[in-house]
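Here is what each chain is made of, one letter per residue.
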Amino acid sequence: MTRVRLSVAERREELLRAAVEQIEARGVAAVRIADVASALGVSNALVLYHFASKEQLVAAAFAHAAEADLAHLRRLLGRRTTAARRLRSAVRWYAPTGQAKGWRLWIEGWAVSLRDPELRRVAASLDQEWKAALTRVIAEGADAGEFPCPDPAGAAWRLTAFLDGLAVQTTAYAGSLSRTAMLRWADAALARELGLPDGERPGEGAGPGS
């Protein structure tokens with residue numbers, strides 16, 4: 001069967017999708033160039049034409065897997081509603097119970113990045129984008145008087161660190177915590193960082209226009 005000839009951009013997209021699938025199936029450390037090539041029925045040389053090494057392929061696949069989630073995060077945070085409501089939607093989506101990035105992929109990527117400078121650079125850049133997006137909306141809500149958060153950047157760091165840690169625990173020990181409990185904890189963490197009164201959920205009674 002003759003393969004359809006793809007443009008360079010289309011071929012790269014195809015290779016990245018296949019790499020993500022192979023990483024999810026085999027793990028970051030175990031995946032090989034040959035696995036990606038075999039999945040698409042192409043040669044190792046073709047994969048290496050687009051990505052000079054396994055390290056470059058893995059780093060690019062990791063970024064590819066996160067970019068769609070970053071775009072969705074921006075859409076959630078860009079909605080025409082209060083900052084508190086936008087933040088609550090984003091946090092609930094980002095939490096381990098939501099539909100954000102595959103946490104197993106991220107956790108394996110973090111582990112491998114300790115010894116892989118290229119993957120570490122990509123992961124750190126993506127992490128900064130998440131934190132910066134949350135920081136901007138927290139600052140917006142604080143400036144508008146919705147909540148009294150004095151340190152938006154610190155709040156974004158603490159919040160994502162809490163959710164990342166929760167994801168590691170629930171991914172490693174599946175079933176250890178109910179979905180209801182995780183969402184309740186995520187809401188409580190956000191309310192705490194925004195400086196809302198005890199028992200007040202973000203987006204419900206939080207400041208003007210809520």
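Up top is the structure.
What counts and how
Residues numbered from 1 in each chain as written. Predicted model: local features only at pLDDT ≥ 70, side-chain atom pairs only at ≥ 80, totals over all residues. Heavy atoms only, no water. Helix = DSSP H or I, 4+ residues; strand = E, 2+ residues; numbered from the N terminus. Contact = heavy atoms within 4.5 Å. Expected span 1.5 Å × (residues − 1). Buried < 20%, exposed > 50% of the residue type's maximum accessible area, 1.4 Å probe, protein only. Axes fitted to C-alpha atoms, helices over the stretch in contact; angles between N-to-C directions. Parallel < 35°, antiparallel > 145°, perpendicular 65-115°, else oblique. Left-handed = near helix turned anticlockwise from the far one by under 90°. Nonpolar A, V, L, I, M, F, W, Y, C, P; charged D, E, K, R; others polar. Salt bridge = Lys/Arg side-chain N within 4 Å of Asp/Glu carboxyl O. Core = buried A, V, L, I, M, F, W, Y, C linked by side-chain atoms within 4.5 Å. 1 Å grid on protein atoms, 1.4 Å probe; cavity = no way out; pocket = protein on both sides within 12 Å on 5 of 7 lines; lining within 4 Å. Points joined across faces, edges and corners; volume = space filled by probe spheres on them.

Asks: Can you explain the overall build of the protein chain? Please cite residues and give values.
Replies: A count of helical and extended segments in the protein chain gives nine helices and zero strands. Secondary structure elements of the protein chain occur, N-terminal to C-terminal, as α-α-α-α-α-α-α-α-α. In terms of principal-axis extent, the alpha carbons of the protein chain reach across some 60 × 35 × 30 Å. Sequence separation of 24 or more characterises 64% of the internal contacts of the protein chain that already satisfy a separation of 6 or more.

Asks: Can you explain helix α9 (residues 179–194)? Please cite residues and give values.
Replies: The end-to-end C-alpha separation of α9 is 23 Å, in line with the 22 Å expected for 16 residues at 1.5 Å each. Of the residues making up α9, those classed as buried are Ala181, Met182, Leu183, Ala186, Asp187, Ala189, Leu190, Ala191, Glu193 and Leu194. Among the structural elements, α5 (83–94), α7 (117–143) and α8 (152–172) are those in contact with the buried residues of α9. Immediately beyond the C-terminal end of α9, within one or two residues, lies Gly195, with a positive phi of roughly 80°.

Asks: Which residues make up the packing of α5 against α7, and what values go with them?
Replies: As a packed pair, α5 and α7 sit with axes 9 Å apart at the nearest point and diverge in direction by 155°. In this view, α5 runs roughly antiparallel relative to α7, as classed from their interaxial angle. Judged by the sense of rotation from one axis to the other, the crossing of α5 with α7 is left-handed. Between α5 and α7, the contacting residues are Ala83, Arg86, Leu87, Ala90, Trp93 and Tyr94 on the first element and Trp130, Leu134, Val137, Ile138, Glu140 and Gly141 on the second.

Asks: Can you lay out the packing of α5 against α9 for me, pointing to particular residues and giving the numbers?
Replies: Look at α5 against α9: their axes get within 10 Å of each other, and the N-to-C directions meet at 140°. Comparing the axis directions of α5 and α9 gives the class oblique. α5 and α9 meet at a crossing whose hand is right-handed. Counting all contacts with α5, which are made through Leu87, Arg88, Val91 and Arg92, the residues of α9 involved are Leu183, Ala186, Asp187, Leu190 and Leu194. Classifying every residue of the contact of α5 with α9 gives six nonpolar, no polar and three charged.

Asks: Provide a residue-level description of the environment of Leu15, including the pertinent values.
Replies: Among the secondary structure elements, Leu15 is positioned in helix α1 (residues 8–26). Taking the relative accessible area as the measure of exposure, Leu15 reaches 0% and is therefore buried. Sequence separation of Leu15 and Ala142 is 127 residues, and the distance between their C-alpha atoms is 43 Å. Those residues in contact with Leu15 that sit more than four places away from it in its chain are Val36, Leu40, Leu46, Val47, His50 and Phe51.

Asks: Got a sec to walk through the pattern of salt bridges? Specific residues and values, please.
Replies: Going through the model one piece at a time under the given rule, you end up with 11 salt bridges. We note a salt bridge from Asp127 to Lys131, for which the minimum N-O separation is 2.5 Å. Here Asp127 and its partner Lys131 are both found in helix α7, four residues apart, which amounts to about one turn of the helix. Of the residues examined, Lys131 reaches a relative accessible area of 6% and is grouped as buried. A single network of salt bridges, built from pairs that share partners, joins Arg26, Arg32 and Asp35.

Asks: Any chance you could break down the nonpolar core for me, citing the residues and the numbers?
Replies: In terms of nonpolar packing, the biggest core is built from 60 residues, with Leu77, Leu87, Leu126, Ile138 and Phe147 touching the most fellow members. Counting only elements with at least two residues in this core, the list comes to α1, α2 (33–40), α4 (54–77), α5, α6 (103–113), α7, α8 and α9. The element contributing the most residues to this core is α4, with 12 residues. In contact with Leu87, other than residues within four places in its own chain, are Leu77, Leu134, Val137, Ile138, Phe147, Leu190 and Leu194.

Asks: I'd like to hear about empty space enclosed by the protein, residue by residue, with values.
Replies: By the definition in use, this model includes two cavities of 30 Å³ or more. Within this model, the largest cavity holds a volume of roughly 40 Å³. Lining of the largest cavity is provided by Leu73, Ala90, Val91, Tyr94, Trp130, Leu134 and Leu163. Going through the elements one at a time, α5 and α7 are the ones with two or more residues in the lining of the largest cavity. Examining the composition of the lining of the largest cavity, we find that three residues originate from one element, α5, more than from any other. Taken together, the residues of the lining of the largest cavity sort by class into seven nonpolar, no polar and no charged. There is about 30 Å³ of room inside the second largest cavity. Broken down by secondary-structure element, the contributors of at least two residues to the lining of the second largest cavity are α1 and α6.

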